[in-house]
Amino acid sequence: MTEPAIRAGYDAVAALYADMFRDILDDLPVDRALIAAFAELVRGSGAPVADLGCGPGHVTAHLASLGLPAFGVDLSPEMIALARKDHPDLRFAEGTMTALDLPDAELGGILAWYSVIHLDPGDLPAVFAEFHRVLAPGGHVLIAFQTCDGDAPLAFDHKVVRAYRWPPGRLSALLRDAGLTEVARLIREPAEHDRFPAANLLLRKPAA
Ligand SMILES: C[S@@+](CC[C@H](N)C(=O)[O-])C[C@H]1O[C@@H](n2cnc3c(N)ncnc32)[C@H](O)[C@@H]1O
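An account of the accompanying structure is given in this report. (Residues numbered from 1 in each chain as written. Predicted model: local features only at pLDDT ≥ 70, side-chain atom pairs only at ≥ 80, totals over all residues. Heavy atoms only, no water.)

## Concerning the pattern of salt bridges
Rules: When a carboxyl oxygen of Asp or Glu lies within 4 Å of a side-chain nitrogen of Lys or Arg, that pair is called a salt bridge. Each helix is a run of DSSP H or I of at least 4 residues and each strand a run of E of at least 2, with the numbering of both proceeding from the N terminus.
Applying the stated rule across the entire model yields 9 salt bridges. For Asp 31, the salt bridge goes to Arg 188, with nearest N and O atoms at 2.6 Å. A residue pair is termed long-range when its members are at least 10 positions apart, and Asp 31 in helix α2 (residues 29–43) and Arg 188 in strand β8 (residues 181–188) qualify at 157 residues. Each of the salt bridges in this network shares a partner with another, and the network as a whole consists of Asp 19, Arg 22 and Asp 86.

## Looking at unusual backbone geometry
Rules: Only protein chains enter the accessibility calculation, which uses a 1.4 Å probe; a residue is then buried when its area is under 20% of its type maximum, exposed when over 50%, and partly exposed in between.
Here Ala 105, not a glycine, exhibits a phi torsion of approximately 55°, which is positive. Tracing the backbone through its elements, the reader meets Ala 105 in the loop between β3 (91–94) and β4 (107–113). Among the residues examined, Ala 105 registers a relative accessible area of 38% and is labelled partly exposed. Located in the positive-phi region is Tyr 114, a residue other than glycine, with phi close to 55°.

## Comments concerning the packing of aromatic side chains
Stated precisely, the cut-off is as follows: Note on ring pairs: Phe, Tyr and Trp rings are taken, using the six-membered ring of Trp, and paired if centres are within 6.5 Å. Classes follow the plane angle, with under 30 degrees stacked, over 60 edge-to-face and the rest tilted. Sitting over a ring, as applied to charges here, requires NZ of Lys or CZ of Arg to be within 6 Å of the ring centre and within 35 degrees of the ring normal.
Tallied over the entire structure, the rule returns 5 aromatic pairs. With centroids separated by 5.9 Å and ring planes inclined at 75°, the aromatic side chains of Tyr 10 and Tyr 17 adopt a geometry described as edge-to-face. Of the residues examined, Tyr 10 reaches a relative accessible area of 10% and is grouped as buried. Judged by relative accessible area, Tyr 17 falls into the partly exposed class, the value being 22%. Measuring from ring centre to ring centre gives 4.6 Å for Tyr 17 and Phe 21, while their planes differ by 50°; the resulting arrangement is tilted. Of this pair, Tyr 17 and Phe 21 both sit in helix α1 (residues 3–21), 4 residues apart, which is roughly one turn of that helix. Cluster of aromatic residues (ring-pair linked, three or more members): Tyr 10, Tyr 17 and Phe 21. Here the guanidinium or amino end of Arg 91 rests over the ring plane of Phe 71, the centre of that ring lying 4.3 Å away.

## A short note on the environment of Met 1
Stated formally: Pairs of residues are marked as contacts when any of their non-hydrogen atoms sit within 4.5 Å.
Structurally, the position occupied by Met 1 is in the segment before α1. Residue classification places Met 1 among the partly exposed residues on the basis of a relative accessible area of 26%. Sequence separation between Met 1 and Val 116 is 115 residues, and the spatial gap between their C-alpha atoms is 11 Å. Contact partners of Met 1, with chain neighbours within four places excluded, come to Ile 6, His 118, Asp 120, Val 161 and Arg 162.

Now the structure itself:
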């Protein structure tokens, strides 16, 4: 999907999306546990943590509640406006994960929570190279996505804009090619609101 299409899709539903998902982590203890592990791994560095594709900022706020210096980035100006309104104490910026306005090795961690799903598969190597560029050595990445069997991504009719389910091994291979080493992977069966199993990959940029 092109960035203008993703931006327009999420601008149109931002308020509805925020109302539907603002409290979703309350019902997802497994997801919270993995985010807590990510927080424990990155907290020590004191370096900023970016929530890329942050939407209305509820997961950014959760990271902040775990003691992380978290900020959010999203393509959608409407999402960023809602995030700023809901969390006036946190920093949110309009931008794209394909070209981050950040210096090299700036971040201690990156969270990409159901946001890389909208990128065309062919664009992901460049995005993961960007993740590697902005992460400090020893920094971690946590990714959430809808998963599938097989060895190729599957497009699905996401309600906002086209998205892809990924076999974890295939996504992990792209991340490895970008220089990020897998630390853990998790598959969770669909929760009440989900149509598909959920997957997480936790990765680390090797220390220099
Ligand atoms: C499914 S929503 C997830 C939002 C939030 N992370 C959550 O878990 O509720 C996907 C979000 O990713 C954002 N997004 C998609 N592509 C992006 C890109 N290239 N750069 C930044 N944000 C992007 C969309 O605007 C949207 O807010």
